[in-house]
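Chain by chain, the residues run as shown.
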Amino acid sequence: MMDYLELVGEQKLTKNANLSLNENDDWDLAVCSLNNNSLPTAIWWIICQNIDIWCTHVSKKKLKLFLTILIYSSLPSVTSSFGDVEGKNISNGNGKVRKVTVHQIAVALLSDTIFYEQTFVRRHLASTSCHVLKKSILSLFGNSSYGDVDFKSLPNWSEVLSAHDNSLVNISSSKDTLHDFSSGTQSATELHTGCDKEINSLPPISMDFAVCQSLLQIFCWMSKSFSNSRSFSLFASYILNFERLVVGSLMNYDGALYSTTHLELLRLLLSCRRSLKYLVMASCDSSTKLGKFSLVSILAESSFPILWLLNSVLAVIGRQSSLEDGTKEMMFSLMDVTSYVLLTVSKDRVALGLDFLVTSANKEGDLDELCVSSSEDIAASAWETVGLIAVTLKELMNSLFISLKEVYSNGKLGAGLNAVGLNKVSFLLSCFQGFLWGFASALNHIDLKTFNKSVNLLQYIDECTINILLDVIKFSLRILFSEDDQPPDSLDVIKFSLPILFREDDKQPDSSFGDIPSCSSVLTDAYSFNMECLKKPLIESFLKGENQDKAYLLRQLFLASSAVLRFGSQFNLTPPMTSSLVLIFIGISETLMLELTEMVVMPKPFSFVWLDGMLKFLEELGNHFPLTDPTSSRKLFLKMIDLHLKGIGKCISLQGKRAVLASHEMELNTKSLPSRLEEVPAVSYCLDEFKARVRMSFKVLIRKASELHLLSAIQALEKALVGVNNGCTKVYEVSMGRVSSVVAAGIDCLDLVLESVKGRKRLSMIRRHIQGLLASLFNIILHLQGSLIYCEKLVHDKSDTDPDSGSVVLMCVEALIRISGKHHMDSCHVSQSLHLPSALFQDFCHLKLSEEKLNFYVVDRRFSMELFAACCRLLCTLLKHHKSESERCIAIVQDSVSVLLHCLVMADSASVAVKGIILWEVQEGVKCASFLRRVYEELRQQKDVFGRHCFQFLSKYIWVYSGYGPFQSGIRREVDEALRPGVNALIDVCSADDLQYLHTAFGQGPCQSTLANLQHDYKLNFQYGGKV
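Right, let's walk through the structure included here. (Residues numbered from 1 in each chain as written. Predicted model: local features only at pLDDT ≥ 70, side-chain atom pairs only at ≥ 80, totals over all residues. Heavy atoms only, no water.)

Here the focus is the overall build of the chain. Within the chain, the regular secondary structure consists of 44 helices and four strands. Put simply, the chain has 1028 residues, and 56% of those count as buried. Across the chain, every contact between residues at least 6 apart in sequence was considered, and the portion connecting residues at least 24 apart equals 84%. (Helix = DSSP H or I, 4+ residues; strand = E, 2+ residues; numbered from the N terminus. Buried < 20%, exposed > 50% of the residue type's maximum accessible area, 1.4 Å probe, protein only. Contact = heavy atoms within 4.5 Å.)

So, in structure tokens, the structure goes:
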């Protein structure tokens, strides 16, 4: 078999790596269709499908050849991209013949985690892929200058950093770089030895860039599957050396003349840093196996690698005199990835040091006499790394703070900082907060009280370091929200009502944490914030996607502040964050959320990215409410609830028909529903992530809330569900055909409360209010039910900011499912819940949109399936948890099941094209039949209660199956096969007398024949005969 491997690799290995094996190498998996072009693809497919069979019988040379061909085959060609995977198959005109290519087979194999379990893969794939990467690098940069670079060993960081240290300091501290808008390109900075080539050393844009990026993406995949120190060390050496060359080339390029090449180099740098991120994460996950040889220990062996991570990005930022939006987003991604690398390194080092301290604290004796020398040395090295990172960040932040004060002293506060200066501030804040979050994350599951009192963890992050960070935060706020023409001596006129923030002296704050008001104390103060002090046009521009540099800086300010709050609370110290600063960020959050909810258009995707900093701050603030006096902090707590309601409500309105509850997203059965025909825009994914973050913040606020705060939250949700308008109590936001976004958010938040609240007392509080909440849900459904809940608007009116009525109804049904499964319900509410499927689908079979409505609405069949599935789950839950009440309302149950059964008649592929009528395709009907089957099966499970009524459900099924239902067409065979197990479950419960009664009642005709056939099928395929 391996002799044929040469046929596959002949063209691949003799041509350049950026060429495909054959542009027409697709194969439809049929032997009869093989030709000269598709034969290598067929051979390659057979080889990749049977690796476990032949790998133990071939030589080492052949194994390496296979891996080399695999790597080259996965690289992009002129007509394909690395993202093309096996799931994206090529089809003919009718879409039934599946075809595959060599590229797709290779990518699919590299994506398979089982592939990495092979011994030869673990042994040779790392070196093979690195060898291919080296050839691509030399092809990209040229052999003459970089052929002598030893990619297998780590760079000599002292030489690398010393080559550019002086020029980097000049760029960082230059007055022009920070605040001169007319400043041109900065002087070139060499970041590696031997980087003084001509600009023409790099070729024009080619596939070499895409090949290198694809190889780096492969590194990201492989890092998750390898757990040996040799592979991690080899990957790290190649990535860091490659990164060094890319950064050096960026420094020697004039972005104005070579913008396209410059953009590709910047994208390569981001790919390198992202690969390093995944490598560090994988190394930390495998740290128990790797021990002292982990990649983190390599990066943390001295301050030089950390300095490289920081100074390389600072140098690249210094060269970006003017950036387009796409390039800016790449720079922001580079900052975020670097911050996450620091977070992972600090978390790993702190955790390693804490393991030693915890072990020592649990033993008898003094700390210095407990552990063996090796463990103590490892812990000491870990803490030394933490200190090095803190000192490095402190020095860079102090240098930045001096530059900011220089700008302030020159009287150019508002207009004095250009994009380069803003990005440098953002980057250092990003790295600092990443370091603090890593430190704090390692302490999440540690009880600091168990430590020896002589152990002072704060020695690694002293007060001066935190104070410098806070000073930079304060100056950054002045940069963002001060008027452009405002002189520095009039800053106090900004009516923050918080003069401590804008003190005129440059002295450090008080050295004692205890002298500063705590975050907990500020939450108990009377909440007031004058939002007129903020520049609303600037905030509106943030939400429109403008001023991205300032928006990203605001995100980092939120993240850094939340990190300081978490860091202070973990040590049970008064947080080194003034009450004025906390109130400012609360006020900015309120302003941002209000402006977001008032927008009539979809925000830009980047807006949802930088807004997550605000949500992180609100989430961290929610962790402090349990430490406050509930009575004093109640007003601010209600304000936080209101902000979350508005945020979630806005997301629901923007999502339209896609809006569902969090519990719906976790349901396995709905994930199997067919996807929508139209593609979801990229902005929708950002919106979904933003909504998930708002939910997470709300859950933190509720999960630890005191009883008084929880009561306040429940009362706020009751008002939201009823539709009480905060501005005017006489106007309700629930009317016929529409509800407001806050009402929809109340349903979503109610679901989160039911999920998050634990404990006997807290659950009893919810039970006291559950009947009123149920009445509100039924009221919403009553006002919204109608034919339009199944439709989606073709033309959206910008003035219409209400959520989709169908999505709100679906959310109500799903909320009823959760309530009925966990809480007691009155008989009237059980009866109403059982009647819901009938009320929602009673006219579904005969629903037809008028010609006028067809111009504005389109039927959403997938939504109708989701609502059908939710109604079936609601019936199953009620039958299981409210048996006696359901039996008393058995007629209502029968009516609802009959209506749902009638809907299955509409599954007809030949009739789907009927204009204006909601009909399902056959496969859609099969899926809905599987949902209704579970209702029948639940009746069988509860046969002690419902057994004597099952013959009535069976009778209705026979009646519809025999052609007496809607359209007099019966149920299609495919749909009936999916429903048949449930029908057999009904027959299994029916007694002989029940079946004889049905036989007599039907008389001669199709119904009697159907019953006989069902009984025969039941005895043949379902009835237990006593044999195994």
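Next comes the rest of the account.
This paragraph deals with helix α33 (residues 805-822). Taking 1.5 Å of rise per residue, the 18 residues of α33 would be expected to cover 26 Å, and the 26 Å separating its terminal C-alpha atoms lies within 8% of that figure. Summarising burial for α33: 16 of the 18 residues are buried, a large majority. At the N-terminal end of α33, a side-chain oxygen is found 3.0 Å from the backbone nitrogen of Gly 806, two or three residues along, and the residue is Asp 804. (Expected span 1.5 Å × (residues − 1). Polar contact = N/O pair within 3.5 Å; in protein donor to acceptor, adjacent residues only side chain to side chain.)

On inspection of all chains with the given rule, the structure shows 28 aromatic pairs. Centroid distance Phe 115 to Tyr 116: 5.4 Å. Interplanar angle 70 degrees. Geometry classified as edge-to-face. Taken individually, Phe 115 and Tyr 116 each receive the classification buried, so the pair is uniform in this respect. Relative to Phe 439, the ring of Phe 435 has its centre 6.5 Å away and its plane inclined at 80 degrees; by these criteria the two rings are edge-to-face. Here Phe 435 pairs with Phe 439, and both are found in helix α18 (residues 419-442), just four residues apart, close to one helical turn. Judged by its relative accessible area of 0%, Phe 439 falls in the buried class. Through pairs of rings, three or more aromatic residues link up here, namely Tyr 790, Phe 841, Phe 863, Phe 868 and Trp 920. Against the face of Tyr 340 rests Lys 277, its NZ or CZ located 4.9 Å from the ring centre. Sitting over the face of the ring of Trp 437, Lys 616 holds its NZ or CZ atom 4.5 Å from the ring centroid. (Phe/Tyr/Trp six-rings, centres within 6.5 Å; stacked < 30°, edge-to-face > 60°. Lys NZ or Arg CZ within 6 Å of the ring centre and 35° of its normal.)

Looking now at a nonpolar patch on the surface. Taken together, Val 31, Leu 34 and Leu 39 make up a surface patch of nonpolar side chains, about 250 Å² in accessible area. Of note, Leu 34 is situated in the loop between α1 (5-14) and α2 (39-49). (Patch = residues over 30% accessible without salt bridge, like charges linked within 9 Å, V, L, I, M, F, W, Y side chains within 5 Å. Areas by Shrake-Rupley, 256 points an atom, 1.4 Å probe, with all protein chains shown as cover. Salt bridge = Lys/Arg side-chain N within 4 Å of Asp/Glu carboxyl O.)

At their nearest, the axes of helix α38 (residues 890-904) and helix α39 (residues 922-941) sit 10 Å apart, and the two run at 155 degrees to each other. Overall, the two elements α38 and α39 adopt an arrangement that is roughly antiparallel. Once α38 is placed against α39, the crossing between them reads as left-handed. In contact with Val 897, Leu 900, Leu 901 and Leu 904 of α38, α39 contributes Gly 925, Cys 928, Ala 929, Leu 932, Val 935 and Tyr 936. (Axes fitted to C-alpha atoms, helices over the stretch in contact; angles between N-to-C directions. Parallel < 35°, antiparallel > 145°, perpendicular 65-115°, else oblique. Left-handed = near helix turned anticlockwise from the far one by under 90°.)

Interaxial distance between helix α6 (residues 119-141) and helix α10 (residues 207-223) falls to 9 Å at its minimum, and their mutual angle equals 160 degrees. Between α6 and α10, the interaxial angle falls into the category roughly antiparallel. At the point where α6 passes α10, the crossing takes the left-handed sense. Residue-level inspection shows Leu 125, Ser 129, Cys 130, Val 132, Leu 133, Ser 136, Ile 137, Ser 139 and Leu 140 of α6 in contact with α10, the latter providing Asp 208, Phe 209, Val 211, Cys 212, Leu 215, Phe 219 and Met 222. A per-class count over the contact of α6 with α10 returns 12 nonpolar, three polar and one charged. (Nonpolar A, V, L, I, M, F, W, Y, C, P; charged D, E, K, R; others polar.)

Let us look at a positive patch on the surface. On the surface, a cluster of positive charge is made up of Lys 60, Lys 64, Arg 123, Lys 152 and Arg 230. Here Arg 123 lies in helix α6. In this structure Arg 123 comes out as exposed when scored by relative accessible area, which is 53%. (Lys, Arg positive; Asp, Glu negative; His and termini not counted. Charge placed at Lys NZ, Arg CZ, Asp CG, Glu CD.)

Pairing between side chains of opposite charge can happen when their charged atoms approach one another. Within the structure shown, the criterion is met by 30 salt bridges. Between Asp 748 and Arg 695 there is a salt bridge whose closest N-O contact spans 2.7 Å. Remark: Arg 695 occurs in helix α29 (residues 682-703) and Asp 748 occurs in helix α31 (residues 741-756); sequence separation between them is 53 residues. Just as Asp 748 is buried, Arg 695 falls in that class too. Salt-bridge contacts for Glu 974 lead to Arg 973; the nearest nitrogen and oxygen are separated by 3.7 Å.

Examined against the element boundaries, Leu 618 turns out to sit in helix α25 (residues 612-622). With 82 residues separating them in the primary sequence, Leu 618 and Val 700 have C-alpha atoms 9.4 Å apart. In contact with Leu 618, not counting residues within four places along its chain, are Ser 589, Met 640, His 644 and Ser 697.

In this structure, Leu 816 sits in helix α33. For Leu 816, a relative accessible area of 0% gives the class buried. Along the chain, Leu 816 and Asp 751 lie 65 residues apart, while their C-alpha atoms are 9.3 Å from each other. The residues touching Leu 816, leaving out its near neighbours within four places in the chain, are Leu 774, Leu 777, Phe 778, Ile 781, Leu 836 and Leu 874.

A word on the environment of Arg 973. Mapping Arg 973 onto the fold places it in helix α42 (residues 973-989). Spatially, the C-alpha atom of Arg 973 lies 9.5 Å from that of Val 922, the residues being 51 residues apart in sequence.

Once that is clear, we can look at α18. An ideal rise of 1.5 Å per residue puts 34 Å on 24 residues; α18 measures up with 34 Å between its terminal C-alpha atoms. For α18, the tally of buried residues reaches 22 of 24 residues, placing the bulk of the element in the interior.

Turning to the state of the cysteines, a few remarks are in order. Under the criterion given, the structure shown has zero disulfides. Looking at Cys 828, it has no disulfide partner, and the nearest cysteine sulfur is the one in Cys 889, 9.9 Å off. A relative accessible area of 43% places Cys 828 in the partly exposed class. (Disulfide = S-S within 2.5 Å.)

Bear in mind that shape data such as this cannot, by itself, settle questions of function.
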